[in-house]
Amino acid sequence: MTDATPTPDAAAEQAGHAHQADQAPDYDAMTRDIADVPAVEVITTVAVHLLSAAAVNLGLDKPDSEHKDLDEARKLITALAGLVTASATEISSFHAAPLRDGLKSLQLAFREASIVPDEPGQGPGEKFTGPVFA
């Protein structure tokens, strides 16, 4: 004779699967939501994420940061410079100016943090922005 009552483990597993089915993402709704976001908002949001990540990798988040990684910071600053330079005319000076200021600050901070500074015009993102001086 078989017992129709599920074991506690089996019941929990069934409940977990039912919960996961209820939590399945609605990709159509997500696509519509993304389509409703203005391009300037997407661009500036990505730029702010790049700014923040680069600042952390430069060790600007706190003294003696364990997250300091200049190689990673260089990549992030270069990506930010490309994004800001390419999108500046599309997002207007109102949005581009603060991003350029943040970018320049990161480029100068990178130069200060480097043991062997890059030649002018060779620093992170400078192929897009030109040489950066204080």
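Our subject is the structure listed above.
Computed from a prediction, not measured in an experiment: that's the story for all the values here. (Residues numbered from 1 in each chain as written. Predicted model: local features only at pLDDT ≥ 70, side-chain atom pairs only at ≥ 80, totals over all residues. Heavy atoms only, no water.)

(A) Here's a closer look at a nonpolar patch on the surface. A surface patch of nonpolar side chains, amounting to about 190 Å² of accessible area, comprises V37, V42 and V46. You can call V46 partly exposed: its relative accessible area is 39%. (Patch = residues over 30% accessible without salt bridge, like charges linked within 9 Å, V, L, I, M, F, W, Y side chains within 5 Å. Areas by Shrake-Rupley, 256 points an atom, 1.4 Å probe, with all protein chains shown as cover. Salt bridge = Lys/Arg side-chain N within 4 Å of Asp/Glu carboxyl O. Buried < 20%, exposed > 50% of the residue type's maximum accessible area, 1.4 Å probe, protein only.)

(B) Structural detail: unusual backbone geometry. You will see that S92, though not glycine, has its phi angle at about 75°, which is positive. With respect to the element layout, S92 can be found in helix 4 (residues 70-113). (Helix = DSSP H or I, 4+ residues; strand = E, 2+ residues; numbered from the N terminus.)

(C) How the structure looks around the pattern of salt bridges. Under the criterion given, the structure shown has 5 salt bridges. D71 is paired through a salt bridge with K75; the nearest N and O atoms lie 3.3 Å apart. Taken together, the residues D71 and K75, both in helix 4 and 4 residues apart, mark about one turn of the helix. For K75, a relative accessible area of 48% gives the class partly exposed. Among the ionic pairs, K75 bridges to E72, the shortest N-O distance being 3.5 Å. Within this pair, K75 and its partner E72 are both found in helix 4, separated by 3 residues, close to a single helical turn. When its relative accessible area of 33% is taken as the criterion, E72 is described as partly exposed.

(D) Representation of the nonpolar core. Ranked by size, the top nonpolar core spans 20 residues in total, and within it L58, I77, L80, L99 and L106 carry the most contacts. Those elements that provide at least two residues to this core are helix 3 (39-57) and helix 4. In this view, L58 contacts K68, L70, A73, I77, L106, A109 and F110; residues no more than four positions away in its chain are not counted. (Core = buried A, V, L, I, M, F, W, Y, C linked by side-chain atoms within 4.5 Å. Contact = heavy atoms within 4.5 Å.)

(E) Quick peek at helix 3. Spanning 19 residues, helix 3 covers 27 Å between terminal C-alpha atoms, matching the ideal 27 Å at 1.5 Å per step. Within helix 3, the full set of buried residues consists of I43, T44, A47, L50, L51, A54 and N57. Down the axis of helix 3, the smallest arc covering the buried residues is 150°, so these residues share one side. On its buried face, helix 3 sits against helix 4. (Expected span 1.5 Å × (residues − 1). Arc of directions from axis to C-beta.)

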